[in-house]
Amino acid sequence: TRTRTRTRTRTMRNVTTQSNANIQRLGPEDPRLSQIVIHNNTVYLSGQVGSGGADIKAQTKETCDKIDQLLSLAGTDKTNLLQCMIWVKDIKNDYAGMNEVYNEWIKDGKPVRACVESNMVYKQEGVQLLVEIQATAALPQ
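Residues numbered from 1 in each chain as written. Predicted model: local features only at pLDDT ≥ 70, side-chain atom pairs only at ≥ 80, totals over all residues. Heavy atoms only, no water.

Draft legend 1. Representation of helix H2 (residues 91-106) within the structure. Here H2 is 16 residues long, yet its end C-alpha atoms lie only 20 Å apart, well below the 22 Å a rise of 1.5 Å per residue gives. For H2, the full list of buried residues reads Asp94, Gly97, Met98, Asn99, Val101, Tyr102, Trp105 and Ile106. Summarising the contacts, the buried residues of H2 are in contact with helix H1 (56-74), strand S6 (81-88), strand S7 (112-117) and strand S10 (131-138). Capping the start of H2, Asp90 holds a side-chain oxygen 3.1 Å from the backbone nitrogen of Lys92, two or three residues further along. (Helix = DSSP H or I, 4+ residues; strand = E, 2+ residues; numbered from the N terminus. Expected span 1.5 Å × (residues − 1). Buried < 20%, exposed > 50% of the residue type's maximum accessible area, 1.4 Å probe, protein only. Contact = heavy atoms within 4.5 Å. Polar contact = N/O pair within 3.5 Å; in protein donor to acceptor, adjacent residues only side chain to side chain.)

Shown next as structure tokens:
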């Protein structure tokens, strides 16, 4: 296995390309994960959360904005989304607000989607996280 490492000038600090499997991994400098993995013209994003906005709509908007930025960095956009997996803290109380923001954001795409409730015990700077979204997209041809 041959591994080559190079630096990237944008937000991501490192890119590792494994030539034997044609896998490109983009940031962060965390040994446990990549935010973006590109393989066979498919872009996989790790689960994204907002910065801890006060309510479900604010957190969903922040999360979708973050996904837009990462997709752009990978060379694609939300019109090429294939799948979104969504976790909300309280499906009874948060689903409608999340869905309102998500529907406005995704209007040009229509990927397959699943949404489930998750305990989401993690708090970011003292604010309860209410939504996490993981996305998969195609690279444009």
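That covers the picture; the talk isn't over yet.
Draft legend 2. View of H1. The end-to-end C-alpha distance of H1, which contains 19 residues, comes to 27 Å, matching closely the 27 Å that a straight helix rising 1.5 Å per residue would cover. Every buried residue belonging to H1 is among Ile56, Gln59, Thr60, Thr63, Cys64, Ile67, Leu70, Leu71, Leu73 and Ala74, and all of these are buried. The inward-facing, buried residues of H1 abut strand S4 (36-39), strand S5 (42-45), S6, H2, strand S9 (127-128) and S10. Of the residues that open H1, the one with a side-chain oxygen 3.2 Å from the backbone nitrogen of Lys57 is Asp55. Where H1 terminates, the next one or two residues include Gly75, which has phi positive at roughly 95 degrees.

Draft legend 3. Quick peek at unusual backbone geometry. The residue after Gly27, namely Pro28, is reached through a cis peptide bond having omega -10 degrees. For Pro28, the position within the fold is in the loop between strand S3 (23-26) and S4. Look at Asn40: it is not a glycine, yet its phi comes out positive at around 50 degrees. Phi at Asn41 is positive, roughly 60 degrees, even though this residue is not glycine. As for its placement among the helices and strands, Asn41 is situated in the loop between S4 and S5.

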